[in-house]
Structures are given as structure tokens and as C-alpha cells.
Amino acid sequence: MPYHNLKLIPQNMFCLFSESLRFDFVAVLSSGNEVHGLSGSLSMFQAWQGIRSLATSIQRYPVQRLVCVKATTTRLCSGYQQANVVILHKSLADDFEAFCHANPSPLPLLYRSQPGEWGCPPLAADADIRVDCPQYCVFKDGLLVSRVSSLMSYSGQLQDMVSFYLGCSFSFERTLRKAGVPVRNVEQNCNVSMFRTSLQCRGVGQFQCPMVVTMRPVPEEKLDLVAQITHLTPLAHGGPIHIGDPAVLGIQDVSRPEYGDPVALGPGDVPAFWACGVTGVEAVQSCKPPLAFTHSPGCMFLTDQQDSSDFASTSTPEPDQCPLTFSISQQPLHFSVASKAVVQSIRDLEKIIGEDPGERGIRALFVQDELLRSCLSLSHSSSVLITTGFPTHYTHNPPEETDGPPGAIAIAATLQALQKEVAIVTDHRALEMNQRIMEDAVKKGVIKTAVPLLSYQGNSPDSALYFLCHNGDHKKPRFDHLVAIERSGRASDGNYYNMRGVNIKHLVDPIDDLFTTASTIPGISTTGIGDGGNELGMGKVKEAVREHMPNGSLIACDVAADFAITAGVSNWGGYGMACALYILSLCPIHQRYLHKGLGQPHPPTQDQHQAWAASLPSVAKEEEMLSILVQHGVRSGKTGTLGMEVDGLTFHPTHSDLIIKLRDRTSQRK
């Protein structure tokens, strides 16, 4: 009887079994080299009972090895690290190692063997890679030709081959269960689901392939806990690289995985995705070597090393190493991640911009974390459309006020520095004036590059759709986030009112239509920034506006944005947004998630850091911007004064002091 697939397990440690998964053969080997076997097709429960009986009969020796053929290892040796395996000819070994280092999330390298080395001393004593996985895949010229339970017959070829042992997410499943997180694939007695994504790994040499991910359904209220436990296990792929709609990763049907088994979501579950070591299988197929081997997906190499996620679940991570999750979209479903320290910093910014020196009572409109969630969404965006312009001074020419344009420019400057595409849409009657203001802002160094200026008149029922999407195709949006800052908002009666209740509809183009249409297009998010409740996007808090703000029942904007940011002065909301985006750009947890775990995590270069910091609002830049507006005849909103004030508050000291507060809080995250 050939005793292949004998797997070392620690003394006095047995495996957790499920009754539904069956073995073809199970045996135990005592340290006295006596073999005792259980033959036939056995359920895990039967195997467990048999092993206990055998162990009792050979008590003079501790049980040392377990045979398990044709079984996935998701429940085996729970609490011990498991490994994916890739075996390649030695001529490809250096490139594959470099490929692993270039893609550490899917391919965390635990050990690289020497050519012809069967063991892996750092991971397991007395290991033999030819027999220590329950099942192997054999590839010839990149094609899967067979699945075998032993590589003994390939011993000659293996003399010139190198084995790579890669971390596996099975390692943290026990810790999740101990923490009270249901692991649905274990509950459903099946392998985890594994999917080929549309995300391309960083290529090295002949290794060019998409990333594979595992999917685990997670109850929404457990997402923070799951992210925190898995983040601290980088050798088991680390934290999730995406939480939400599978289509974001190019996965069209979660019931049809490329590898493993379908896993059903429970009520209230959210699909969470981790980088997966089966990416190594894809790498082998892309390279097309004459001969290569991998573990069969789900049939891992079991090490002697204890799972580090046990420590992760019991330790209290530092705020910089503690991820928190936030919903940023429902259509499509999308969550983002940032460290606890960064979240607190942005909450501090939100508190600063919420100061109310004008005593307008705007705290009644405040919703916590709107700044944070808006900026997380913007961080994931690639193309942003900003709108501003509130013609409150209807008897003057121009009728615009000084609140809005400075904040819009501040947001645009930081988005540009972060390599986002940015455009500004404004009223057609004010387009020429805004172009001159933009030119002056560039000349004076307020913003590095002029932002394209657009107008929208809404001449047909489909105008908004065609403005937002290429050829009117909602699957091809031009923008993925719209931001309105101190922009006149349409009230429930279809008119536009200033805070005094005067109808200024004749001065306003229907840019609100872009926001209402965007709400029907998956993938476009919206933000409104306001300080009174009559601004575009503040319809999200319209009931509070009607109840608490002067003339609220008349002036309240009826058009809601996904995120409504309340500020003492709307410009301050723009400044806070710029600072929050900068802070997120320096958060390694967020940046890893933003880039889906691909590539090596690197801090920003000195040039990047300088460009980002230079884009932030400063007292000098904002004073210059306000001066430009005054030169173009733009007046303070509350008083109508043509001077250095916004909403009746002089630039010095009110606005300058607040900018200093924002910059001081932001600089603490450098």
C-alpha cells in the first residue's frame, strides 16, 4: 500500500472536520513508524472517529501524520498556516520570484526552495512537496493536463525545478470564526469561491496574468472586524482588496467561480474579496512552460507554523494599522477603507469647517462623516465635475458672490495634483467672466493648471444624459463624481431662492438636472457643499432646513446629493475637502485598497508629496483668490460688500485663521 500524501500535524492536535466532505483514504502514522489505516470512502466525521480510535490503540507513540486525499484543506489544521504551491523549472525561478515581489498581495512569498529540494525547513519539518498536498495540477505548455495525488513519478524532472510556497487566506478563517464572523464556505461545507478578475498583475518577464480573488460573504456589521483581523496577516494576503459589487472587478456572476465552489450570501451579507494565491496558477498558464505543477485550488500545503491571525485578533492595533470600512455607494454597492487614525483626522477637519462664526445655526444640518465618505468616493474617482455659482446679488452685475469659487478652485487644485481629470460647469451667462478668473488664478499661482470650463442649458429631455455620458450611454459616464459647492439649488416649487427668499431663477441654468440624472446612472456619485440649505445637493437634509433655517420651508433645496457637507462658509467645505483628500493620499491602508492590492506599497515620492502639499489651500493663495474675485466685481454674499470678505466675514482674521487650523491639522498626518 503506497502511503503518499502523509501530512505532518503537531502532536496532540487534530483537525476540525465537516460531515459532508469525504476522503478516499485516511491513515495515521505513529512516530514509531507503524502505519494504521482507514480505507474506503469516508465522511470527515467517520474519519475523525476512526483517527481517534487508531490514536487510542497506539498510545505509546504520538500521532504524527495524517493522510488526506482529494479533500480541500479549508477546515484542516485550523490555526496553522497554509500555503499555495507553484513548481517551475529553475530557469524561470528568478522571474517568478520577482513577479511575487511585484504582486505581494496575491503572491506573498513564504519560501523558495533550491532546485530539487523537496522540503521547506522554515515552514515544516520532514516535508516532501511531492506528496504533501492533497492534490496537484500538472501543466504542459500552460495547459492543465491532469490532476494527481502525488508527484513521485515526476521526481526526475523535479530535480531541476524550484518550489514556491505562497501564503493562503485559509489561514485566517479559524480566527474569523473565533471572533464571531460566520465563514459561509465552511458553513456550507464547500470550498471558497475563486474568480479570475479583470485586474492585471504587475508583469515580470513571461509572467503576465490577471489577479485571482477569493470571495467571502460578510455580514455588513462585521466588515470592520474582518478588515482589522485580516489586515494584520499580510502573509495570508492581508485585508480585502474590494468590498461590494463584483462587477467592479470584472466578475459578472458570483454563482460561477473559475475555481472552487459557489458560496451563497446570507441575509445582510456583503461580498468581500481578497487577493488569492491561485493567481500563481494563472501565472503558470500565461508563461506556458513545458512542464509545471501547482497545488489544486483549495488543496493546500499545510505548514507547522501557527497562524499569525490568532495574534492579530487578540491584539489592539495602533490607529494607523486599524482599518475602518465605510459605504460610499449603493449603486453599485461599494465600500472603502481607511485607517482609524486617518478617519479621526478627517473628522477633526469636519469639525473645524463646521464652526459657525456667523451664528446661522448650520449645526442643525450637520451629518457626521459626510466629508469623510465624500472624499473616500472622490479618491476612487478618475473624473470629477465641479459646479459653483450663486447669483444672490440679482441687482448687481455680476450677481455672483465670493463664496463658492475659491472652494471650487481649492478642490480642483488638489484633484489635479492627485492626477484626476477635473472640469467645472457654470452658468452660460457667467462663462466668460469665470474664464478670466481662471486665467488670473493660474497667473497668480492659486492653481497650477487651468480647469476646463463648461456650461449646460438643458435644451432637451436627454441633454443631461448626453452631457454626463458618452453618446448618452449610461454605461459610459464621462464623470464618476459631481461636486456642487455654494451652487444655487432648485426648491420644491421649481424656483431658486437666495437666503432672503428672493427668486433668482432667471439667473440660473438647470445644472440641478445633472445631479438628478446622475442619481439614475450607476457609478456616478454626487456631493453638495452648503452653509444654508438652499444650495444644490443639500436636499439630502431638506427636512432639517425647513425646520431650522430662516425661510427654510421656501428656500430649501429639493435636489439631494449622495453626500451633503455642511460648513460655516461653503468655501471652508472646499478647503476641508482638499485637506481630507491629501490625508487619504498618505494613508497606506487606503492606498492599498484603492489600488486593489496590486503592486508594491510605496510611500509617495518626494516630488509627489511636494506637488500634493503645494496644491493645498493656504492663507496666501486664498487671499490672492479673493482679491481676484473682487477685481472682477464679485461681492460678499451676506452684505454685498465689494471687498475682502466672504458672507460678511472679513478675510483676516476669520477666514485666514480657519485656513491655518485646517493646515495645522492636516500637517499632523505628514
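If you're wondering where the values come from, they're calculated on a predicted model, not measured in any experiment.

## Describing the overall build of the protein
Reasoning step 1: Per the secondary structure count, the protein includes 21 helices and 26 strands.
Reasoning step 2: A buried classification covers 61% of the 670 residues belonging to the protein.
Reasoning step 3: Of the accessible surface of the protein, which amounts to about 25,500 Å², a share of 49% is contributed by carbon and sulfur atoms.

## Quick notes on empty space enclosed by the protein
Reasoning step 1: Applying the stated criterion to the full structure yields 9 cavities of 30 Å³ or more.
Reasoning step 2: Lining the largest cavity are 17 residues, and of these T388, P405, I424, N434 and I437 sit closest to its centre.
Reasoning step 3: Considering every element that reaches the lining of the largest cavity, the biggest residue donor is helix 12 (residues 431-443), with 4 residues.
Reasoning step 4: Taken together, the residues that form the lining of the largest cavity break down as 12 nonpolar, 4 polar and 1 charged.

## Focus on the side chain of S374
Reasoning step 1: Relative to the helices and strands, S374 resides in helix 10 (residues 370-380).
Reasoning step 2: In contact with S374, other than residues within four places in its own chain, are H481, T527, F563, I565 and M577.

## Comments concerning the side chain of T197
Reasoning step 1: Looking at where T197 falls in the secondary structure, it is placed in strand 10 (residues 193-200).
Reasoning step 2: According to the relative accessible area criterion, T197 is buried, its value standing at 6%.
Reasoning step 3: Looking at T197, its side chain comes within polar contact range of the main-chain nitrogen of L199, at 3.1 Å.
Reasoning step 4: What T197 contacts, discounting residues up to four positions off in sequence, is P210, M211, V213, L249 and I251.

## Some details on the environment of E432
Reasoning step 1: Examined against the element boundaries, E432 turns out to sit in helix 12.
Reasoning step 2: As for E432 and L453, which are separated by 21 residues in sequence, their C-alpha atoms are 9.4 Å apart.

## Side note on the layout of surface pockets
Reasoning step 1: Taken as a whole, the second largest pocket encloses approximately 550 Å³ of empty space.
Reasoning step 2: Around the second largest pocket, the lining comprises 23 residues; the ones closest to its centre are V248, H334, H380, D480 and G523.
Reasoning step 3: Breaking the lining of the second largest pocket down by element, the ones donating at least two residues are strand 17 (323-330) and helix 10.
Reasoning step 4: A class-by-class count of the residues in the lining of the second largest pocket yields 8 nonpolar, 11 polar and 4 charged.

## Structural notes on the packing of helix 11 (residues 405-417) against helix 17 (residues 570-585)
Reasoning step 1: Running from N to C, helix 11 and helix 17 point in directions that differ by 10°, and their axes come no closer than 7 Å. Comparing their axes, helix 17 and helix 11 come out roughly parallel. Of the residues in helix 17, those touching helix 11 at P405, P406, G407, A410, I411, T414 and L415 are N571, G574, Y575, M577, A578 and L581.

## Topic: the pattern of salt bridges
Reasoning step 1: Under the defined criterion, the tally for this structure stands at 23 salt bridges.
Reasoning step 2: Note that R546 and E543 form a salt bridge whose closest N and O atoms lie 2.9 Å from each other. Separated by 3 residues within a single helix, R546 and E543 lie in helix 15 (residues 542-548), roughly one turn from each other.
Reasoning step 3: Within the structure, one salt-bridge network assembled from shared partners comprises E400, D427, R429 and R487.

## A few points about the pairing of strand 24 (residues 563-566)
Reasoning step 1: Of the two faces of strand 24, both are covered, the one formed by F563 and I565 as well as the one formed by A564 and T566.
Reasoning step 2: Sheet topology note: the strand 23 (residues 525-530)/strand 24 ladder contains 4 bridges and is parallel. Bridging across to strand 24, G528 finds its partner in A564.

## Side note on the packing of helix 9 (residues 340-353) against helix 10
Reasoning step 1: At their nearest, the axes of helix 9 and helix 10 sit 8 Å apart, and the two run at 120° to each other. Comparing their axes, helix 10 and helix 9 come out oblique. Along this stretch, helix 9 crosses helix 10, giving a crossing that reads as right-handed. Along its contact with helix 9, which presents V343, I346, L349, E350 and I353, the element helix 10 presents E370, L371 and L372.

## Thoughts on helix 21 (residues 651-667)
Reasoning step 1: Within helix 21 the residues assigned to the buried category are F651, H655, S656, L658, I659, L662, R665 and T666.
Reasoning step 2: Buried positions along helix 21 lie against helix 9, helix 17, helix 20 (619-631), strand 25 (645-646) and strand 26 (649-650).

## Things to note about the environment of Y456
Reasoning step 1: The residue Y456 is located in the loop between strand 21 (453-455) and helix 13 (463-468) in this model.
Reasoning step 2: Distance in space between the C-alpha atoms of Y456 and T426 is 7.2 Å, their sequence separation being 30 residues.
Reasoning step 3: Beyond its immediate stretch of four places on either side in the chain, Y456 contacts V425, T426, S463, A464, F467, D509, P510, I511, D513 and L514.
Reasoning step 4: A distance of 3.2 Å separates a polar side-chain atom of Y456 from the backbone nitrogen of A464.

## Remarks on the sheet that holds strand 18 (residues 333-339)
Reasoning step 1: Spatial ordering of the open sheet is given by 13-10-11-14-12-18-17, a layout of 7 strands whose pairing is antiparallel. Pairing within the sheet leaves two strands with one partner each, and these edge strands are strand 13 (259-260) and strand 17.
Reasoning step 2: Here strand 12 (residues 242-244) pairs with strand 18 via 2 bridges, running antiparallel. Note that in strand 18 the partner of G244 across the bridge is H334.
Reasoning step 3: Taken strand by strand, helix 9 contacts strand 17 and strand 18, and its axis lies near 95° from that of strand 18.

What counts as what
Residues numbered from 1 in each chain as written. Predicted model: local features only at pLDDT ≥ 70, side-chain atom pairs only at ≥ 80, totals over all residues. Heavy atoms only, no water. Helix = DSSP H or I, 4+ residues; strand = E, 2+ residues; numbered from the N terminus. Buried < 20%, exposed > 50% of the residue type's maximum accessible area, 1.4 Å probe, protein only. Areas by Shrake-Rupley, 256 points an atom, 1.4 Å probe, with all protein chains shown as cover. 1 Å grid on protein atoms, 1.4 Å probe; cavity = no way out; pocket = protein on both sides within 12 Å on 5 of 7 lines; lining within 4 Å. Points joined across faces, edges and corners; volume = space filled by probe spheres on them. Nonpolar A, V, L, I, M, F, W, Y, C, P; charged D, E, K, R; others polar. Contact = heavy atoms within 4.5 Å. Polar contact = N/O pair within 3.5 Å; in protein donor to acceptor, adjacent residues only side chain to side chain. Axes fitted to C-alpha atoms, helices over the stretch in contact; angles between N-to-C directions. Parallel < 35°, antiparallel > 145°, perpendicular 65-115°, else oblique. Salt bridge = Lys/Arg side-chain N within 4 Å of Asp/Glu carboxyl O. Pairing = 2+ DSSP bridges. Left-handed = near helix turned anticlockwise from the far one by under 90°.

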